[in-house]
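Chain residues, written in single-letter form:
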Amino acid sequence: MSISLSSLILLPVWISMAQIQQGGPDEKEKTTALKDLLSRIDLDELMKKDEPPLDFPDTLEGFEYAFNEKGQLRHIKTGEPFVFNYREDLHRWNQKRYEALGEIITKYVYELLEKDCNLKKISIPVDATESEPKSFIFMSEDALTNPQKLMVLIHGSGVVRAGQWARRLIINEDLDSGTQIPFIKRAMDEGYGVIVLNPNENYIEVEKPKIHVPSSSDSSDEPAEKRERKDKVSKETKKRRDFYEKYRNPQREKEMMQLYIRENGSPEEHAVYVWDHFIAQSAAENVFFVAHSYGGLAFVELMIQREADVKSKVTAVALTDSVHNVWHQEAGKTIREWMRENCCNWVSSSEPLDTSVESMLPDCPRVSAV
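Being a predicted model, the structure only gives us computed values, none of them experimental.

1. Some points on the nonpolar core
Counting residues in hydrophobic clusters, the biggest one holds 37 residues, and the most contacted among them are Ile-195, Ile-279, Phe-289, Phe-299 and Met-339. At the level of elements, β3 (120–124), β4 (135–139), β5 (149–154), α9 (267–277), β9 (286–292), α10 (294–305), β10 (314–320) and α12 (333–342) are the ones that each hand at least two residues to this core. Non-local contacts of Phe-289, meaning those with residues more than four positions away in its chain, are made with Val-152, Ile-154, Trp-275, Ile-279, Phe-299, Leu-302, Val-314, Ala-316, Val-317 and Ala-318. Counting residues in hydrophobic clusters, the runner-up holds 36 residues, among them Leu-112, Leu-113, Cys-117 and Leu-153.

2. Observations regarding the environment of Gln-180
Of note, Gln-180 is situated in the loop between α6 (175–178) and α7 (181–189). Between the C-alpha atom of Gln-180 and that of Ala-166, which follows or precedes it by 14 residues, the distance is 9.4 Å.

3. Thoughts on the packing of aromatic side chains
Applying the stated criterion to the full structure yields 15 aromatic pairs. Arranged with centres 5.8 Å apart and planes meeting at 85°, the rings of Phe-136 and Phe-138 form a pair that is edge-to-face. In this pair, the class of Phe-136 matches that of Phe-138, namely buried. Three or more aromatic residues joined by ring pairs form one cluster here, namely Tyr-65, Phe-82, Phe-84 and Tyr-98. The aromatic ring of Phe-136 is capped on one face by Lys-121, whose charged end is 4.2 Å from the ring centroid.

4. Comments concerning the side chain of Gln-164
With respect to the helices, strands and loops of the structure, Gln-164 is situated in the loop between β5 and α5 (167–172). By relative accessible area, Gln-164 is classed as buried at 0%. Gln-164 has contacts with Thr-106, Val-109, His-155, Ile-170, Gly-178, Thr-179 and Gln-180, leaving out every residue within four places of it along the chain.

5. Section: the sheet that holds strand β12 (residues 366–368)
Taken in spatial order, the 8 strands line up as β3-β4-β6-β5-β9-β10-β11-β12 in an open sheet, and their pairing is mixed. Two strands lie at the open edges of the sheet, namely β3 and β12, each paired on one side alone. Ignoring strand direction, the axes of neighbouring strands in this sheet form an average angle of 20°. With 4 bridges connecting them, β10 and strand β11 (residues 343–347) associate as parallel partners. If you follow Thr-320 over to β11, its bridge partner there is Trp-346.

6. Regarding the layout of surface pockets
For the largest pocket, the calculated volume is near 1,100 Å³. As for the largest pocket, its lining consists of 28 residues, and the residues nearest its centre are Glu-99, Ala-100, Glu-103, Arg-167 and Glu-205. Sorting the residues of the lining of the largest pocket by element identifies α4 (91–115) and β7 (203–207) as the ones contributing at least two each. Here the residues of the lining of the largest pocket sort into 12 nonpolar, 4 polar and 12 charged. In this model, the second largest pocket occupies a volume close to 400 Å³. Taken together, 16 residues form the lining of the second largest pocket, with Met-151, Phe-183, Arg-186, Val-290 and Ala-318 sitting closest to its centre. Of all the secondary-structure elements, those providing two or more residues to the lining of the second largest pocket are β5, α7, β9 and β10. A per-class count over the lining of the second largest pocket returns 13 nonpolar, 1 polar and 2 charged.

What counts as what
Sequence order as written defines the numbering, with residues in each chain counted from 1. Selection of residues for local features in this predicted model requires a pLDDT of at least 70, selection of side-chain atom pairs for listing and counting requires 80 or more, and totals for whole chains, interfaces and linings are taken over all residues. With hydrogens and water excluded, all non-hydrogen atoms of the structure serve as input to the side-chain values. Among the buried residues, those of types Ala, Val, Leu, Ile, Met, Phe, Trp, Tyr and Cys that are joined through side-chain atoms within 4.5 Å form a nonpolar core. Relative accessibility under 20% of the residue-type maximum defines a buried residue, over 50% an exposed one, and the middle range a partly exposed one, all with a 1.4 Å probe and only protein chains included. Runs of H or I in DSSP of at least four residues are treated as helices and runs of E of at least two as strands, each being numbered from the N terminus. We call two residues in contact when some of their heavy atoms are within 4.5 Å. Only the six-membered ring of Trp is used, alongside the rings of Phe and Tyr, when aromatic pairs are assigned; centres must lie within 6.5 Å, and planes under 30 degrees apart are stacked while those over 60 apart are edge-to-face, with the rest tilted. A ring is considered to have a charge above it if a Lys NZ or an Arg CZ atom is located within 6 Å of its centre and within 35 degrees of its normal. Between any two strands, pairing holds if DSSP finds at least two bridges. Between the N-to-C directions of two axes lies an angle of 0 to 180 degrees, each axis being a line fitted to C-alpha atoms and, for a helix, fitted only over the stretch in contact. Grid points spaced at 1 Å over the protein atoms alone were grouped into cavities, where a 1.4 Å probe fits but cannot get out, and pockets, open sets with protein on both sides within 12 Å along at least five of seven lines, with lining residues defined by an atom within 4 Å of a point. Grid points are joined across faces, edges and corners, and a volume is the space filled by probe spheres set on the points. Residues are sorted three ways: Asp, Glu, Lys and Arg are charged, Ala, Val, Leu, Ile, Met, Phe, Trp, Tyr, Cys and Pro are nonpolar, and all the rest, Gly among them, are polar.

All quantities given are derived from atomic positions and should not be read as evidence of function.
Shown next as structure tokens:
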């Protein structure tokens, strides 16, 4: 029978409890204290003592993975696809490992956008100061000067960033399935300028500053005896808290705070900002949108806020599994009529490609994507 580290840690406490319970009434206070200790220990958190360190590589090579010539992620030595359950019965650790790999893949896709697609990384807000939080989008060289056609790509919600449709597909299928790169390359081959939005890059994270709590001795108005009593209680409380924390969360992660990016604090804000500062300023006579999932909702919000401008520049919108809702978003009759004529939503379906799919919403046609 195997004994976990957490059991070994608690063993002395259980033995002490048994010994104290055999004693007389004088031991009641100690019994109460130990019971309090046991009640405060979170066994689920305690099991983290058995975890390997949450310290992961920061390169694909460090993970021993690489994308092959087909754009598939494969293990360098075995040639096998990515394995999520790298360590049995350590779901939290496996999830953290997966997230660390995902961050590397995000940077990898950014590199592909610049090197393979020849897109430029443009910082926003355009008038940002040196010290304020910033985001960015990607644009082709001719995005603002192409007089004919401009393609705008918007991904959905979650962990995906500019250039991605789905992180899961990138990791488990291939780059063509999970990224926007095939769309970008085809658009550029057919003479479109391209703008790639980054609607989920809404804030930066920084470590929370430690807050100094003045000790009771700072209160000079209190009698010396009272201050000494409070200081003693405070020191004992801190000692107990540190003891509990040592076992409760041995791999304590840093506490972070979010600093939102000006005028880009949500996907909806981001879409409007990029429209005002880039798309509306472009020379293209015809603007086309491709918007996936929550990106469709962001486009409808853009229409609500910039209806006349959008109608004057946008020729057609391809939505994929869009989660927009014209009722909840309070899109007016004129917007709904325009969407019926200029938008189409390709949705997951077992029907043949482009088969009409019934919709409860009076906006744009829905057709099968499969």
